[in-house]
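Given next are the chains, with one letter for each unit.
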Amino acid sequence: MDELGRLLEEIIDEKLVQAVLSNSRDAAYGDKLKIRPVMLKDGLRFQSVRYVGKQVFHQNHDARETGRLIEESLRDRFRQCEITSRDKSVTVLVSKKGKMTVKTRQIVCDAPGDLSHNREKEYILKEGCPVDFLVGLGVQTPDGRIVKNKYDKFRQINRYLEFIRDVLDQLPGEGMIHVIDFGCGKSYLTFAMYYYLHVLQGRDIHITGLDLKADVIRRCNELALRCGYEQLRFQVGDISSYAGERKVDMVVSLHACDTATDYALQKAVDWGAKVILAVPCCQHEINGQIHCESLAPLLRYGIIKERMSALITDAIRANLLEQQGYETQILEFIDMEHTPKNLLIRAVKKSRHMEKRLAGASLEETLELLGVDPMLARLLDRNQ
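Given the structure is predicted, the values throughout are model-derived calculations rather than measurements. (Residues numbered from 1 in each chain as written. Predicted model: local features only at pLDDT ≥ 70, side-chain atom pairs only at ≥ 80, totals over all residues. Heavy atoms only, no water.)

**Things to note about the overall build of the protein chain**
Then step 1. For the protein chain, the helix and strand inventory stands at twelve helices and 14 strands.
Then step 2. Scaling as 2.2 N^0.38, a compact globule of 384 residues should have a C-alpha radius of gyration of about 21 Å, and the protein chain matches this with 23 Å.
Then step 3. Expressed along its principal axes, the backbone C-alpha trace of the protein chain runs to roughly 70 × 45 × 40 Å.
Then step 4. Within the span of the protein chain, comprising 384 residues, buried residues form 50% of the whole.
Then step 5. Considering only residue pairs separated by 6 or more positions, the protein chain has 66% of its internal contacts joining residues 24 or more positions apart. (Helix = DSSP H or I, 4+ residues; strand = E, 2+ residues; numbered from the N terminus. Rg over C-alpha atoms; globule rule 2.2 N^0.38 Å. Buried < 20%, exposed > 50% of the residue type's maximum accessible area, 1.4 Å probe, protein only. Contact = heavy atoms within 4.5 Å.)

This is how it looks when you write it as structure tokens:
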């Protein structure tokens, strides 16, 4: 703890941006602990926010108490801590045997600090703090400012990283984490995922991005090389025929068109991936199949039929994943004002048999009612 103690004495002051402790070893104490500086009437304090299930507990501390809280929490309650200050990024990892690894990286962050007691939402990647891949992709200027017409993309990237942060504890805590991104395109989010997991979180990670466009893949590989992202690789390939991995911990599929999403989900299930993140696009299949006399008065309007079919498609996919033992949610990705394709399917591997009993029969009845035979159901049946 001596190295960490000296570092905390140096870093816990007005330059601190935040500290996040996660990967809990004590569920009764909480799932996560966040600490940030606040300016109160009696001066600078550090506010801790402890998350216990759906409950949130706040407490304010001085610098010495804050350092002691972080040290004690890493010794007894959490296995990971990410600390960001104006000039340093620190990641602390604690192994199952109690061995502590401290990784420190110098950064330059010119974003103005906000020490107000109640402040607006903070982004994981911050304005004013230049990030190599954001500059390379034209989202940031070299001094860290967000390019005016890229602010929605910057916001989307941060929202995506929040989804990953929420499932971070589901990924392997030690060893290499294998991730594949199907239909990666220009790879804004693929680069963000690598930066967050490897650079900010200090995880060993290998990511493969797959897309059909050779020119896009070439540019992505060139940028990964310039950024020094050694375990980030892009290759040309089709989702349905891809067979380049034996073990994958997380599968990502963002805006893969129509049934390409189903192939991505099927491969994730076959690999037994711990986490699946999918933002489906162009859900045409069910729209062409759906036939239900009870819904005929609604389905006679083309645009209504199209939108209902898209929602039904994703609800079916979520149910099918639950049958395969995944705890599945459908979440809003970004606000509807930016894109109508704003739903994200997030699935975390749990108990197969329990979920199958809960979800199976009612889904079959629904498919029969709607007169549909979805691709994902056929793919999963084929592999049984």
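From this point, the narrative continues.
**Focus on unusual backbone geometry**
Then step 1. Within the chain, D258 stands out as a residue other than glycine whose phi angle is a positive 50 degrees.
Then step 2. For D258, the position within the fold is in the loop between β11 (250–257) and α7 (260–271).
Then step 3. With a relative accessible area of 19%, D258 lands in the buried category.
Then step 4. Even without glycine at this site, C282 takes up a positive phi of about 55 degrees.
Then step 5. Secondary-structure assignment places C282 in the loop between β12 (275–281) and α8 (285–289).
Then step 6. Judged by relative accessible area, C282 falls into the partly exposed class, the value being 22%.

**Points about a negative patch on the surface**
Then step 1. Negative charge collects at one region of the surface, where E364, E365, E368 and D381 lie side by side.
Then step 2. Among the elements that take part in the negative patch, helix α11 (residues 352–370) stands out by supplying three residues, more than any other. (Patch = residues over 30% accessible without salt bridge, like charges linked within 9 Å, V, L, I, M, F, W, Y side chains within 5 Å. Areas by Shrake-Rupley, 256 points an atom, 1.4 Å probe, with all protein chains shown as cover. Salt bridge = Lys/Arg side-chain N within 4 Å of Asp/Glu carboxyl O. Lys, Arg positive; Asp, Glu negative; His and termini not counted. Charge placed at Lys NZ, Arg CZ, Asp CG, Glu CD.)

**Structural notes on the packing of aromatic side chains**
Then step 1. Counted according to the given criterion, the structure contains ten aromatic pairs.
Then step 2. On the basis of an interplanar angle of 10 degrees and a centroid distance of 6.2 Å, the ring pair of F133 and F191 is categorised as stacked. On the criterion of sequence distance, the pair formed by F133 in helix α3 (residues 132–136) and F191 in helix α5 (residues 188–200) is long-range, its members being 58 residues apart.
Then step 3. Taking the relative accessible area as the measure of exposure, F133 reaches 0% and is therefore buried.
Then step 4. Sitting over the ring of Y29, R50 keeps its end group 4.6 Å from the ring centre.
Then step 5. Lying over the aromatic face of Y29, R77 brings its terminal NZ or CZ to 4.0 Å of the ring centre. (Phe/Tyr/Trp six-rings, centres within 6.5 Å; stacked < 30°, edge-to-face > 60°. Lys NZ or Arg CZ within 6 Å of the ring centre and 35° of its normal.)

**Structural notes on α7**
Then step 1. Between its terminal C-alpha atoms α7 stretches 17 Å, which fits the 16 Å expected from twelve residues at 1.5 Å a residue.
Then step 2. Within α7, nine of the twelve residues are buried, which leaves the element mostly enclosed by the surrounding structure.
Then step 3. Positive phi appears at G272, one or two residues downstream of α7, with a value of about 70 degrees. (Expected span 1.5 Å × (residues − 1).)

**Things to note about a nonpolar patch on the surface**
Then step 1. On the surface, a nonpolar cluster with roughly 380 Å² of combined accessible area is contributed by L298, Y301, I303 and I304.
Then step 2. Along the chain, the position of Y301 falls in the loop between α9 (296–299) and α10 (302–323).
Then step 3. You can call Y301 partly exposed: its relative accessible area is 44%.

**Some remarks on the packing of helix α4 (residues 151–166) against α5**
Then step 1. Running from N to C, α4 and α5 cross one another at 50 degrees; their axes reach a closest spacing of 10 Å. Taken as axis vectors, α4 and α5 run oblique relative to one another. At the point where α4 passes α5, the crossing takes the right-handed sense. Contacts from K153, Q156, I157, Y160, L161, I164 and R165 of α4 reach α5 at Y188, L189, A192, M193, Y196 and L197. (Axes fitted to C-alpha atoms, helices over the stretch in contact; angles between N-to-C directions. Parallel < 35°, antiparallel > 145°, perpendicular 65-115°, else oblique. Left-handed = near helix turned anticlockwise from the far one by under 90°.)

**Observations concerning the sheet that holds strand β3 (residues 43–52)**
Then step 1. On the basis of which strands lie adjacent, the open sheet formed by seven strands has the order β4-β3-β2-β1-β5-β6-β7 and antiparallel pairing. The open sheet has two edge strands, β4 (55–61) and β7 (100–106), and neither has a second partner. Looking at each pair of strands side by side, their axes are set apart by 15 degrees on average, direction ignored. (Pairing = 2+ DSSP bridges.)

Keep in mind that these numbers describe shape and distance, not what the molecule does.
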